[in-house]
Amino acid sequence: MLSEMLENVRVRRPLIHNITNYVTVNDCANILLACGGSPIMADDADEAEEITSICDGLNINIGTLNSRTIPSMFAAGKRANELGHPVILDPVGAGASKLRTETALRLIEEVKFAVIRGNISEIKALALGNASAKGVDADDEDKITADSLDSAVAFAKDFAARTGSVIVISGAVDIAADSRRAYCIRNGHEDMSRITGTGCQLSAMTAAYIAANQGNELEAAAAAACAMGLCGEIAKRRMTAQDGNSSYRGYIIDAIYNLTPDELERGAKYEMR
Amino acid sequence: MLSEMLENVRVRRPLIHNITNYVTVNDCANILLACGGSPIMADDADEAEEITSICDGLNINIGTLNSRTIPSMFAAGKRANELGHPVILDPVGAGASKLRTETALRLIEEVKFAVIRGNISEIKALALGNASAKGVDADDEDKITADSLDSAVAFAKDFAARTGSVIVISGAVDIAADSRRAYCIRNGHEDMSRITGTGCQLSAMTAAYIAANQGNELEAAAAAACAMGLCGEIAKRRMTAQDGNSSYRGYIIDAIYNLTPDELERGAKYEMR
Amino acid sequence: MLSEMLENVRVRRPLIHNITNYVTVNDCANILLACGGSPIMADDADEAEEITSICDGLNINIGTLNSRTIPSMFAAGKRANELGHPVILDPVGAGASKLRTETALRLIEEVKFAVIRGNISEIKALALGNASAKGVDADDEDKITADSLDSAVAFAKDFAARTGSVIVISGAVDIAADSRRAYCIRNGHEDMSRITGTGCQLSAMTAAYIAANQGNELEAAAAAACAMGLCGEIAKRRMTAQDGNSSYRGYIIDAIYNLTPDELERGAKYEMR
């Protein structure tokens, strides 16, 4: 019942605290508003705990982490845990630098995450200490294919079991898995990787879906991933010959804004493994 | 004569120094260019005073304030006061954390603001020490209705008298007030609240209007609020079934770009109280 | 053979490390993706050297430089030099504050830049110690006209000789010069100056062109400038009466996305001096 997941976002309008990078932060704010949630950004240690206290969920994205904001991530994450607010981790660029890999691993150790969402290279860097990431994009060698899907699902379930988090791996096929079940999601379009921040946007939106659907973390995360992919398809169909990645970016957020629970239910393409 | 206020922005092309949040900063820069002004962003204490010296006005927005930028706000604000440059305060999220409320209150104590602009919850947090803000959006309980408009106007005039600033309260009805007179502005569309940063954009644009119309602070602030609301209406009429908040955001800036002084004069809907 | 320059970007997909301002960073990321490159943003001293090591080029933009990011610029720049990665400098606002002018001059002293790109006021501030910049835009007095083009070309070649960098001066006529030859580029549209960050975007894109065409720095920089100007023209033709600077911004990135090497070759308008 993916439609219910979206309905609950629209009705409950969860307020999401974002400690995120300055590259895609505006898109994260607008997609949160588009899906029915509400964003607040605050990254100073002097207010991170207090801000997260008035919110319904927390989205930690390490895309442009720095010495000033890292302590805020830990402080907000721990406070959110104490209050029972769901916390999402987007380990942008894990594997690309020690600072990113180690910060993400320490976060996972000290904060309980409802969802960890990244591309396959980032998740591998965290699960296997395998640092093959090419910047913030998945390395070609890591990419999930039809042949490697079963092993990727097993890998995701295993990492979910070890962390107690729902693991979302974005790619040609998205995987959303807990320790027992995995959604293999075939929505989306390859050109989404030509826009900066579709992953960051999905993480922010996932925070809203999770916050509005506590107790249904796996379904909520899968619904958010289906919504993002489906809106990537809807937006793609809207494109004219003159449009490029800038218009595509805006069309996706527009599609999230207009997406109905019923359209999500009908448009979601996934199987369970 | 709201049209003159805009004409003066177009002719004088005021350069506005912005110390603002990283969420909506690009939109603030583009709306300043759209209305006829020119933006510069600089938030380091090592240059804040010098940058503000070459500008015509200063816009301080505490949306993602931090330990490094707060001192820059004070330094730039005081220097702008010395030079007679108008200074605008957008107390984003005042009431949502002690850091925000106290920083905004200290700023009001130590810097003379030409205009303070926020939503009703933010302004109440500053005027009454009433911290009911739900994040960066106005709390439903605070919202101004037909019934409460008279008392909101009295409240705005009172806070204007105490601070010596023009007070702009954004909402379904916008109020722009000094201690004696208030514009009650009925431009705008409720969907503007589904875009991140329309308030931030109005604050940045208000800085340009004030800088180009010194001595006419109330009229200039009212003109900027009318322009923003009117362009929200114009942009709304442009929307197709596929458009959402992302397109709406761009259409509003486009409309500000194309707005003529005459259209502003004819389209502004307000009464004085 | 400007077309080859673009073809190489598309084939080699250079990964560009950006230490850049938070105003236009999203546009820089999207234009890098649009042209065929790939962006990563990282500005903390604890990872700047490591991130630049996995990249193909480095883009340093001082648009919102601060005490935390300045050391990262030096560290990343020196490391990129050691590795033979091309480094680009965009001295945004040089001349507008001591911090900007002195940081840019120190960077030029300590880091070897493949390209330095700015407007005429910024480049003059660095070459002549002439601080006439009006904020981040070129001062009217400095602007290059038909009469002053020859002397501007001589100035650019001289500064190129002194720095060993290709110098790109953006304006009504763009100049891309090494110590011996200069492209005088007549692509572009004056309304591009009504969008924030077209200069920043060109610098980011230039980094991708240079990284994909090592040994051909002058041609690569000229090709990037022609591409930006040409796409400014293409985007301008796409505009409707309702469009303004926000739509124009998106249309330019879209045009970069759709630009073919052949269109670049045919549309580039330049002469050598």
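Residues numbered from 1 in each chain as written. Chains lettered and ligands numbered in written order. Predicted model: local features only at pLDDT ≥ 70, side-chain atom pairs only at ≥ 80, totals over all residues. Heavy atoms only, no water.

### Some remarks on the confidence of the model for chain A
Argument step 1. Summary statistics for chain A give a mean pLDDT of 96 and a share of 98% for residues scoring 70 or more.
Argument step 2. Among the scores for the predicted complex, ipTM is 0.96 and pTM is 0.97. (pLDDT = per-residue confidence, 0-100.)

### What about the interface of chain B and chain A?
Argument step 1. With 33 residues of chain B at the interface, the matching set in chain A holds 30 residues.
Argument step 2. The junction of chain B with chain A conceals about 2700 Å² of combined surface from both sides, 45% of it contributed by carbon and sulfur atoms.
Argument step 3. When residues of chain B are sorted by the area they lose upon contact with chain A, Tyr 22, Arg 194 and Asn 245 of chain B head the list and together hold 23% of the total.
Argument step 4. The interface formed by chain B and chain A contains two salt bridges.
Argument step 5. Linking chain B to chain A there are 20 residue pairs in polar contact (both at pLDDT 80 or more).
Argument step 6. Broken down by secondary-structure element, the contributors of at least two residues to the side of chain B that touches chain A are α5 (98-110) and α10 (245-258) of chain B.
Argument step 7. Here the residues of the side of chain B that touches chain A sort into eight nonpolar, 15 polar and ten charged. (Contact = heavy atoms within 4.5 Å. Buried area = accessible area lost by both parts, 1.4 Å probe. Salt bridge = Lys/Arg side-chain N within 4 Å of Asp/Glu carboxyl O. Polar contact = N/O pair within 3.5 Å; in protein donor to acceptor, adjacent residues only side chain to side chain. Helix = DSSP H or I, 4+ residues; strand = E, 2+ residues; numbered from the N terminus. Nonpolar A, V, L, I, M, F, W, Y, C, P; charged D, E, K, R; others polar.)

### Considerations on the relation of the copies chain B and chain A
Argument step 1. Of the two same-sequence chains, chain B is brought onto chain A (RMSD 0.0 Å, axial shift 0.0 Å) by a rotation of 120°. What the rotation and shift describe, once combined, is the action of a three-fold rotation axis. No C-alpha of chain B lies nearer the rotation axis than that of Tyr 22 of chain B, which sits 3.5 Å from it.
Argument step 2. Of the residues that chain B buries at the interface, just 6% are likewise interface residues in chain A, meaning the two copies contact each other through different surfaces. (Least-squares fit on C-alpha atoms with pLDDT ≥ 70 in both.)

### Some words on the sheet that holds strand β9 (residues 270-272) of chain B
Residues and elements named next belong to chain B.
Argument step 1. Read across the sheet, nine strands follow the order β2-β1-β3-β4-β5-β6-β7-β8-β9 without closing on themselves; strand pairing throughout is mixed. Looking at strand neighbours, the two that pair on one side only are β2 (38-41) and β9, the edges of this open sheet. Going from strand to strand, the sheet's axes swing by 20° on average, the running direction of each strand aside.
Argument step 2. In the sheet, strand β8 (residues 182-185) pairs with β9 via three bridges, with the strands oriented antiparallel. Looking at β9, one finds that Cys 184 is bridged to Glu 271. (Pairing = 2+ DSSP bridges. Axes fitted to C-alpha atoms, helices over the stretch in contact; angles between N-to-C directions.)

### Looking at the interface of chain C and chain B
Argument step 1. Across the boundary between the two partners, chain C contributes 33 residues, which contact 30 residues of chain B.
Argument step 2. Across the chain C/chain B interface, buried area totals approximately 2700 Å², and carbon plus sulfur atoms make up 45% of it.
Argument step 3. Of all residues in chain C, Tyr 22, Arg 194 and Asn 245 of chain C bury the most surface against chain B, accounting for 22% of the area lost on that side.
Argument step 4. The interface formed by chain C and chain B includes two salt bridges.
Argument step 5. Here chain C and chain B share 20 residue pairs in polar contact (both at pLDDT 80 or more) between them.
Argument step 6. Breaking the side of chain C that touches chain B down by element, the ones donating at least two residues are α5 (98-110) and α10 (245-258) of chain C.

### Re helix α1 (residues 2-12) of chain B
Residues and elements named next belong to chain B.
Argument step 1. Taken as a whole, α1 has its buried residues at Leu 2, Ser 3, Met 5, Leu 6, Asn 8 and Val 9.
Argument step 2. Considering only its buried residues, α1 is in contact with α2 (25-35), α8 (198-211), α9 (217-238), α11 (261-267) and β9.
Argument step 3. Within two residues after α1, Arg 13 carries a phi angle of roughly 45°, on the positive side. (Buried < 20%, exposed > 50% of the residue type's maximum accessible area, 1.4 Å probe, protein only.)

### A short note on the sheet that holds strand β5 (residues 115-119) of chain A
All names here are of chain A.
Argument step 1. Taken in spatial order, the nine strands make up an open sheet running β2-β1-β3-β4-β5-β6-β7-β8-β9, and their pairing is mixed. With one partner strand each, in any of the chains shown, β2 (38-41) and β9 (270-272) form the two edges of the open sheet. Between one strand and the next, the sheet's axes are offset by a mean angle of 20°, whatever the strand orientation.
Argument step 2. In this sheet, strand β3 (residues 57-61) lies alongside strand β1 (residues 15-19) in parallel orientation, the contact comprising four bridges. Residue pairing for β3: Asn 18 is matched across the bridge by Asn 59.
Argument step 3. Against the sheet, helix α8 (residues 198-211) touches β1, β3, β4 (87-90), β5 and β6 (166-170), its axis set at about 170° to β4.

### Regarding the relation of the copies chain C and chain B
Argument step 1. Once chain C is rotated about the relating axis by 120° and shifted along it by 0.0 Å, it coincides with chain B to within an RMSD of 0.0 Å.
Argument step 2. Counting the interface residues of chain C, we find that no more than 6% of their copies in chain B are interface residues as well, pointing to two distinct contact surfaces.

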